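Single-letter residue listing:
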Amino acid sequence: MSTEAAIEPTYGNWRRPRRPGLGPLGLIGTVGVFGGLVLVLLASLVSLRAAATVATPIVLTLTPLAVRTQDGRNLYQLLTVRIGWIRRRSRGEHLYVSGPLSPRPEGRFPPPGLLGRVEAREGRDAYDRPFGVLHHRGRNLYTIVLRCEPDGGSLVDPDQVDTWVALWGEWLSRLAHEPGLRGASVVVETAPDPGTRLATEVLPRLDQSAPETARAVMREVVADYPTASSEMNSYVTLTYGVPGNQRRDPEDVLADLAIRVPSLLTGLVSAGGGLAEPLSAEQIAEVVRVAYDPACAADLLTVRAEHGRTGLEWADAGPVAAVETVDAYQHDSGVSRTWLLTLAPRGSVRASVLRTMLDASAGTRRKRVAMLYRPIDPGTSARIVESDRRAAQFMATSRRGMVQARAAAEVRAAEQAAAEEATGAGLVEFSLMLTITVDDAAQLDEASVLVRNMTGATRIAMRPANRMQAAAFTCTLPAGVLPWEQTLLPHELQEAM
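Residues numbered from 1 in each chain as written. Predicted model: local features only at pLDDT ≥ 70, side-chain atom pairs only at ≥ 80, totals over all residues. Heavy atoms only, no water.

Caption draft 1: Quick peek at the confidence of the model for the protein. Summary statistics for the protein give a mean pLDDT of 84 and a share of 90% for residues scoring 70 or more. Low pLDDT, under 50, characterises residues 1–5; the stretch is placed with zero contacts to residues that sit more than four places away or in other chains. Below pLDDT 50 for its whole length, residues 490–497 participates in 20 contacts with residues either more than four positions away or in separate chains. (pLDDT = per-residue confidence, 0-100. Contact = heavy atoms within 4.5 Å.)

Caption draft 2: The arrangement of helix α4 (residues 158–175) in detail. With 18 residues, α4 should reach 26 Å at 1.5 Å per residue; the first-to-last C-alpha distance of 26 Å fits that figure. Burial in α4 covers these residues: V161, W164, W171, L172, S173 and L175. Lining the buried residues of α4 we find β1 (10–11), β6 (181–192), β7 (230–241), α7 (250–273), β13 (366–376) and β14 (427–438). (Helix = DSSP H or I, 4+ residues; strand = E, 2+ residues; numbered from the N terminus. Expected span 1.5 Å × (residues − 1). Buried < 20%, exposed > 50% of the residue type's maximum accessible area, 1.4 Å probe, protein only.)

Caption draft 3: Focus on the environment of H135. Along the chain, H135 falls in strand β4 (residues 130–136). Residue classification places H135 among the buried residues on the basis of a relative accessible area of 8%. Remark: the alpha-carbon pair of H135 and G241, spanning 106 residues in sequence, is separated by 9.9 Å. Not counting chain neighbours up to four residues away, the residues in contact with H135 comprise R117, V118, E119, R121, N140, L141 and Y142.

Caption draft 4: Local environment of the nonpolar core. I144, W171, L238, L257, L434 and I436 are the most contacted members of the largest nonpolar core, which has 44 residues in total. Setting aside anything within four residues of it in sequence, one finds I144 in contact with F131, G132, V133, V236, T237, L238, Y240, L257, V261 and L264. Of all hydrophobic cores here, the second largest spans 33 residues; its members include L312, Y329, A472 and V481. (Core = buried A, V, L, I, M, F, W, Y, C linked by side-chain atoms within 4.5 Å.)

Caption draft 5: Layout of the environment of A315. The topology assignment puts A315 in the loop between α9 (297–307) and β9 (321–324). Each C-alpha atom of the pair A315 and F109 lies 5.9 Å from the other, and the pair is 206 residues apart in sequence. When near neighbours in sequence (up to four residues on either side) are disregarded, A315 contacts R108, F109 and P110.

Caption draft 6: Structural detail: the pairing of β7. The element β7 is extensively covered by neighbouring structure, given that 10 of its 12 residues are classed as buried. Where strand β5 (residues 141–149) meets β7, eight bridges bridge the pair, whose relative direction is antiparallel. Across the sheet, the residue bridging to Y142 is Y240, located in β7. As defined by bridge partners, β6 adjoins β7 across 11 bridges and the pair is classed as antiparallel. (Pairing = 2+ DSSP bridges.)

Caption draft 7: View of α7. Here α7 contains 24 residues, and its C-alpha end-to-end distance of 29 Å is more than 12% below the 34 Å for a straight helix at 1.5 Å per residue. The largest bend along α7 measures about 30 degrees and falls at R260, with the proline P262 one to four residues further on. Two residues or fewer after α7 comes G274, characterised by a positive phi angle close to 65 degrees. (Bend = angle between axes of the 7 residues up to and from the residue.)

Caption draft 8: Structural detail: the packing of aromatic side chains. Scanning the model with the defined rule gives five aromatic pairs in all. Here W14 and F430 contribute two aromatic rings whose centre-to-centre distance is 6.3 Å and whose plane-to-plane angle is 75 degrees, an arrangement assigned as edge-to-face. One end of the pair, W14, is in the loop between β1 and α1 (26–44); the other, F430, is in strand β14, and 416 residues separate them in sequence. A relative accessible area of 31% means that W14 is categorised as partly exposed. Aromatic ring contacts, followed pair by pair, group W168, W171 and Y373 into a single cluster. Between R368 and the ring centre of F473, over which it is positioned, the NZ or CZ distance is 4.8 Å. (Phe/Tyr/Trp six-rings, centres within 6.5 Å; stacked < 30°, edge-to-face > 60°. Lys NZ or Arg CZ within 6 Å of the ring centre and 35° of its normal.)

Caption draft 9: A look at unusual backbone geometry. Even without a glycine there, the phi angle at D128 is positive, about 65 degrees. Within the secondary structure, D128 is located in the loop between β3 (118–124) and β4. For D128, a relative accessible area of 52% gives the class exposed. Positive phi outside glycine occurs at R467, with the angle close to 65 degrees. You can see R467 is positioned in the loop between β15 (461–464) and α14 (469–475).

Printed below as a string of structure tokens:
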């Protein structure tokens, strides 16, 4: 009788979107180059001095588009971020104060920044379960939040893990067919266990007639166990938009979303999401409140355990005060720093590639890992994969030497993506953001070292969201804030630049 060793499957074949245009110039730079050449040629018909006079400003204008940093940003983009930060500081927008001492007459504590114009509503699905809906009034978007309790990967056969990955990919592919869906995110939040949950469950159940030794052992377990444990929460947010310039009553949108919630939950359960349920408006407010003030987590758990609910409203889910700096965001009882993905792992990875990043980290108050997904409709997906395939073939035939191997690998990846899309697979753009919250600003350096170690183990590259810490912090909350929906430039124009 012989046994064969189980082979753990690997995954990959993601590709960074290609910018149209010549090299690092992008589409706008390429158009500028050819337009500038035409102008220079026309000016040269007059005189060489006129041609040089026309060429000089063109070269000075296009050079910043060709110079790019390691994360792909050109000099104009870097300058735009710095100018935006200077303007926000000059207007005092990096400071936030709420409550009775704020200029707001209502004296409440609404979330700041990108969540400032959000309203919370609540509906009921087909099973009469309450679910909260965040209405982003500025963009006319609606977000629902689902909570999952995924099954762990320990002592699970590789075949089962592979099945979960396939079903998760199928669930993401179905998002492209969701009417009006603008984007989705998966937020995994970890934090040290406050200790109140175990005490609430165990201490009231102690039998007073039991031996004193047994009761002492149980009290010692309650006191010592939380110091070595952590809590993990997983949230899935889905953000929908109203097509075109249509005006729909929010109640009609809630009724439409109520029909979709059960099928979305069923897909999450089959993909290894475990017990999945929608969050009510009160529970969404609690999650956001704890993110801004981690010290109140134990108090909210105690109140919910004693009374069954906290009564917290969205208008009171924000911080009392918040200060944004270049590389940090200070809010109530915590200081946070957020990192952005710049490079996904090259080659193939295993299903546990992000386990180090998702596990609880010692020395942090809270940690959130947010995967952002932008589903692409089938028509656009076909055009993208065909364009990538033609671009990869062109690069492979035009390169020589050592880079030929990488170009051939890109051709194989593009061909595989085109074949899978032709058989019904979906195309999804994704990114990753990481937020770490600590007690004091002096601990942020240790958090940066921790992130470098985690990214090294996962083979990804990340950079701090400098001068954008407040907005990046908000994007990692399970509140449905999609970065590409908050920009002044259309997404297609950003890709061209």
